Amino acid sequence: MHTLTLASMRSGLENGEFSSVELCQHFIDRIKKQNESLNAFVSITEEQAIAAARAADESRASGNVTGALHGLPIAHKDIFCTEGVRTTCGSRMLEAFVPPYNATVVEKLSAAGAICLGKTNMDEFAMGSSNENSYFGAVRNPWDTDRVPGGSSGGSAAAVGGRLVPACTGTDTGGSIRQPAAFCGITGLKPTYGRVSRYGMIAFASSLDQGGPMATSAEDCAWLLNEMAGFDERDSTSIERDKDDYVSTLVNSLDGVTIGLPKQYFDAGLDASIASLLQQAIAELEKLGAKFVDIDLENQHLSVPAYYIVAPAECSSNLARFDGVRYGHRCEDPKDLEDLYKRSRAEGFGREVKRRILVGTYALSAGYYDAYYLKAQKIRSLISQDFSQAFESVDFILGPTTPSPAFKVGEKTGDPLEMYLNDIYTIPANLAGLPGISVPCGEVGGLPVGMQLVGNYFEEARLLNVAHQYQMVTDWHTRIPG
Amino acid sequence: MTEKADTEVGNEVVEQVAHLARIQIDSDSVSNYASEMSGVLQLAAQMDQVDTSSVEPMAHPTHAVQRLREDVVTESNRRDAFQKIAPSVENGYYLVPPVIE
């Protein structure tokens, strides 16, 4: 049952092949059995899930189907606030935080009938590319438990990759949906900035953060995005624009589609085995009618430097709210207010979070703002202009999602800068606010590899269409860890 | 004004920045933070390869502007729910150590 897609689970429920209670219990049993080795879940909400599944079965029996995801199990990254259910953001700071409200994404998926089985592990405050920065311990890759699942949505990726749940929510600030999706052999979409509401999604870098779906196929991502996307007046950066129907266009032909290949992504720096898998994927897409042209994204190499100013700067502002006063961790016996702030934050935040807060505070401080933050925002303009120019002649941009398959746990923890380079191919889309998707396109040494497609603003439907058409003629996305 | 800045961070800068960020740093980890921060700033210094004097900084990817709304109450008062999750409250107030002796 766990190898079914959401779409086939949906028809299984409709045809009475199994009930929502049976379906949810099956996945909860898998979670309970495998979570000890994978550590993909921080919380399992079995009781609420089974009660909700029972209610879903009863309402279905009385002819009342609430939405497109009626009775289907999912899980939320532990960055999305869930009313009455602990939301940790992977941090000691929020170890005991039970939000008094739901994130918009949580509300919307629940309104569509989806049933949340639990909250998935993540790098603390979404800062990391390996899920080794969680206060609740590292997550393991289901393809090889000696390896990382990627991050920061590593719990979601490992859970879907190991088929502990058919789909999850994730968030992507510099690649945190796409990079772990690639490492765990699943499909993950980062929508256009502003397409999915950030309300109730704990903020890291507000000008980059975007929530999105992670599932076993582009089709399932489309089903999820249909519910997640849309304008939300409670998010001041939400875009006032109707969402598309991401499912109905999946079947469109790729005839005449033009895809750009940035020479900067296919240079000598790219791992040869990944390059050859991408060439095979390109050949498949050509058979489907796509045309390929070489393009130039000349400022791509400045993405990582700009990102590691913008993201820490915004994180230092956002995380100022964690002061040990209104909610979150508070130190014992503070001797005065300053001591309360300083020790609560020192104890509540992990090493990577503190490092980024310090870098961000420095970059925003008087005398350095122009040299760092303003400069980085100017570089963002250049990177964005490169993309706009490219999209004048191509519909999509194709490249690798990551420089290598999943690396070993502990392999890169000693050098933050080496860790940062993992996101070299994913960060540009965040800086420009563009949508991107990672799709499984092969294996190297028994580990999955992802290909990334970036589209123009609000082109999520067409991105999912290309990914779906590719998945109709390939089976990489159906492979599961042995 | 020049757009260049120091990329070498000393211990006293780390301590000053940690104070501004209200994070207590153990004295034996200050030099580690100093070298890690210097590493990130050196990475950032690669941005100086490009002359951006005539480039406008990005404000919003799709050039959206701040949305305005009617000046009306949209949220209900949920003080009890919000205070229930606070570390220390009394009579509807958040408690902190005395600020004025």
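Thresholds applied
Residues numbered from 1 in each chain as written. Chains lettered and ligands numbered in written order. Predicted model: local features only at pLDDT ≥ 70, side-chain atom pairs only at ≥ 80, totals over all residues. Heavy atoms only, no water. Domains from an automatic or database assignment. Contact = heavy atoms within 4.5 Å. Buried area = accessible area lost by both parts, 1.4 Å probe. Salt bridge = Lys/Arg side-chain N within 4 Å of Asp/Glu carboxyl O. Polar contact = N/O pair within 3.5 Å; in protein donor to acceptor, adjacent residues only side chain to side chain. Helix = DSSP H or I, 4+ residues; strand = E, 2+ residues; numbered from the N terminus. Nonpolar A, V, L, I, M, F, W, Y, C, P; charged D, E, K, R; others polar. Phe/Tyr/Trp six-rings, centres within 6.5 Å; stacked < 30°, edge-to-face > 60°. Buried < 20%, exposed > 50% of the residue type's maximum accessible area, 1.4 Å probe, protein only. Lys NZ or Arg CZ within 6 Å of the ring centre and 35° of its normal.

Student: Sorry, what's going on with the domain arrangement of chain A here?
Tutor: Interfaces are often described in size by the accessible area the parts lose on coming together. All names here are of chain A. Along its sequence, chain A is organised into domain 1 (6-256 + 397-478) and domain 2 (301-377). One C-alpha centre belongs to domain 1, the other to domain 2, and the line joining them spans 27 Å. Listed as interface residues are 27 residues of domain 1 and, on the opposing side, 26 residues of domain 2. For domain 1, the biggest contributors to the area lost against domain 2 are Met93, Met127 and Tyr420; these three give 31% of the whole. In this assembly, domain 1 and domain 2 are joined by zero salt bridges. At the surface where domain 1 touches domain 2, the tally comes to eleven residue pairs in polar contact (both at pLDDT 80 or more). Of all elements in the fold, only α13 (416-420) and α14 (427-432) reach the threshold of two or more residues within the side of domain 1 that touches domain 2. With three residues, α14 is the single largest residue contributor to the side of domain 1 that touches domain 2. Along the lines of polarity and charge, the residues of the side of domain 1 that touches domain 2 split into 17 nonpolar, seven polar and three charged.

Student: In this structure, what is going on with the interface of chain B and chain A? I would like to understand it.
Tutor: Tallying the contact residues gives 56 residues for chain B and 73 residues for chain A. For the pair chain B and chain A, the summed buried surface comes to about 5400 Å²; carbon and sulfur atoms form 68% of the total. Broken down residue by residue, the surface that chain B buries against chain A is led by B:Met47, B:Met58 and B:Arg67, which jointly contribute 15%. Inspection of the chain B/chain A interface yields two salt bridges. Scanning the region where chain B abuts chain A turns up 18 residue pairs in polar contact (both at pLDDT 80 or more). The set of elements that each furnish at least two residues to the side of chain B that touches chain A consists of α1 (11-20), α2 (30-44) and α3 (79-84) of chain B. For the side of chain B that touches chain A, the leading source of residues is α2(B), giving nine residues. Taken together, the residues that form the side of chain B that touches chain A break down as 33 nonpolar, 14 polar and nine charged.

Student: Hey, could you run me through the packing of aromatic side chains in this one?
Tutor: For any pair of aromatic rings, geometry is given as the distance between the ring centres together with the angle between the planes. Summed over the entire model, instances satisfying the criterion amount to 16 aromatic pairs over all chains. Ring geometry for A:Tyr368 versus A:Tyr372: centroids 6.4 Å apart, planes at 40°, classification tilted. On the basis of relative accessible area, A:Tyr372 is assigned to the buried category, the value being 2%. Taken together, the ring pairs in this structure connect A:Phe97, A:Phe125, A:Phe322, A:Tyr327 and A:Phe349 into an aromatic cluster. One cation-aromatic arrangement involves A:Arg351 over B:Tyr33; the distance from NZ or CZ to the ring centre is 4.0 Å. Stacked on the ring of A:Phe407, the Lys or Arg A:Lys412 has its end atom at 4.7 Å from the ring centre.

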